Amino acid sequence: MKNILLAASVALAVCIATSGYAHHSAAGVDRTKTVTVAGTVKSFKWGNPHSWLEVDVPNGKGGSDIWNFEMNPPAYLVRNGWKSTSVKAGDQIKVVGRPFQNGAPGGIFVSVTLPNGQVLGSGQQPSALTAP
């Protein structure tokens, strides 16, 4: 009986440690700054564990860059008025986000202004979006 209890405890500890290790942090995001970009939705992935928004943004050099914004899962977004159909490829939108520290185009999404002027947020508490 002792061996079964010990084996079960070890298995539980491994499962907890694995799930904790698997989730990433937002250490690569500068939460003290915001960036605002306007462009065309390339794709919108509504899913878990995170939704994603890809936006084709003119870069001022005659071309464009793809900006990737990590978003909350649908359960959080729905609380802020989002639907899986809120944005679609081809929509002209404005995105506010917390930029990546390495300067890559993208970051953590804060809000989106839709073509009709409606602003949809992240579904997070405001304290989660500001600097610690």
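The rules behind each value
- Residues numbered from 1 in each chain as written.
- Predicted model: local features only at pLDDT ≥ 70, side-chain atom pairs only at ≥ 80, totals over all residues.
- Heavy atoms only, no water.
- Pairing = 2+ DSSP bridges.
- Helix = DSSP H or I, 4+ residues; strand = E, 2+ residues; numbered from the N terminus.
- Salt bridge = Lys/Arg side-chain N within 4 Å of Asp/Glu carboxyl O.
- Buried < 20%, exposed > 50% of the residue type's maximum accessible area, 1.4 Å probe, protein only.
- Phe/Tyr/Trp six-rings, centres within 6.5 Å; stacked < 30°, edge-to-face > 60°.
- Lys NZ or Arg CZ within 6 Å of the ring centre and 35° of its normal.
- Core = buried A, V, L, I, M, F, W, Y, C linked by side-chain atoms within 4.5 Å.
- Contact = heavy atoms within 4.5 Å.
- Polar contact = N/O pair within 3.5 Å; in protein donor to acceptor, adjacent residues only side chain to side chain.

## A closer look at the pairing of strand 3 (residues 64–70)
Strand direction decides the pairing type here: strand 2 (residues 52–58) and strand 3, joined by seven bridges, are antiparallel. Bridge pairing in strand 3 links Trp-52 to Glu-70. Connecting strand 2 to the next strand, strand 3, in antiparallel fashion are five residues, including Gly-60 with a positive phi near 80°. Inspection of the sheet shows strand 3 paired to strand 5 (residues 106–113) by three bridges, in the parallel sense. Paired with Glu-70 across the two strands is Ile-108, which belongs to strand 5.

## Re the pattern of salt bridges
Applying the stated criterion across every chain, the model contains two salt bridges. The shortest N-O distance in the salt bridge between Lys-88 and Asp-91 comes to 3.7 Å. Judged by relative accessible area, Asp-91 falls into the buried class, the value being 12%.

## Some thoughts on the pairing of strand 4 (residues 92–99)
Of all eight residues in strand 4, six are buried; the element is thus mostly enclosed. Pairing analysis gives six bridges linking strand 1 (residues 35–45) to strand 4, with the strands arranged antiparallel. Along strand 4, the bridge assignment pairs Val-37 with Val-95.

## Looking at unusual backbone geometry
Of note, the bond from Asn-48 into Pro-49 is cis; its omega dihedral lies within 30 degrees of zero at 5°. Position of Pro-49 among the secondary structure elements: in the loop between strand 1 and strand 2.

## Considering the packing of aromatic side chains
All chains considered together, the criterion is met by four aromatic pairs. Note on Trp-82 and Phe-109: the rings are 5.7 Å apart at their centroids and 80° apart in plane angle, and the pair reads as edge-to-face. Of the two residues, Trp-82 sits in the loop between helix 2 (74–78) and strand 4 while Phe-109 sits in strand 5, which places them 27 residues apart along the sequence. Owing to a relative accessible area of 2%, Trp-82 belongs among the buried residues under this scheme. Through pairs of rings, three or more aromatic residues link up here, namely Phe-44, Trp-46, Trp-82 and Phe-109. Sitting over the face of the ring of Tyr-76, Arg-79 holds its NZ or CZ atom 4.9 Å from the ring centroid.

## Side note on the nonpolar core
Counting 19 residues, the largest nonpolar core has Leu-53, Phe-69, Trp-82, Val-87, Ile-93, Val-95 and Val-112 as the members making the most contacts within it. Elements with a minimum of two residues in this core: strand 1, strand 2, strand 3, strand 4 and strand 5. Among the elements that make up this core, the one with the highest residue count is strand 1 (four residues). Those residues in contact with Val-87 that sit more than four places away from it in its chain are Val-41, Phe-44, Leu-53, Trp-82, Ile-93, Val-112 and Leu-114.

## Structural notes on the side chain of Ser-86
Tracing the backbone shows Ser-86 in the loop between helix 2 and strand 4. Within the structure, Ser-86 has its side chain in polar contact with the backbone nitrogen of Lys-83 (distance 2.8 Å). Those residues in contact with Ser-86, other than ones at most four positions away along the chain, are Gly-81, Asp-91, Leu-114 and Leu-120.

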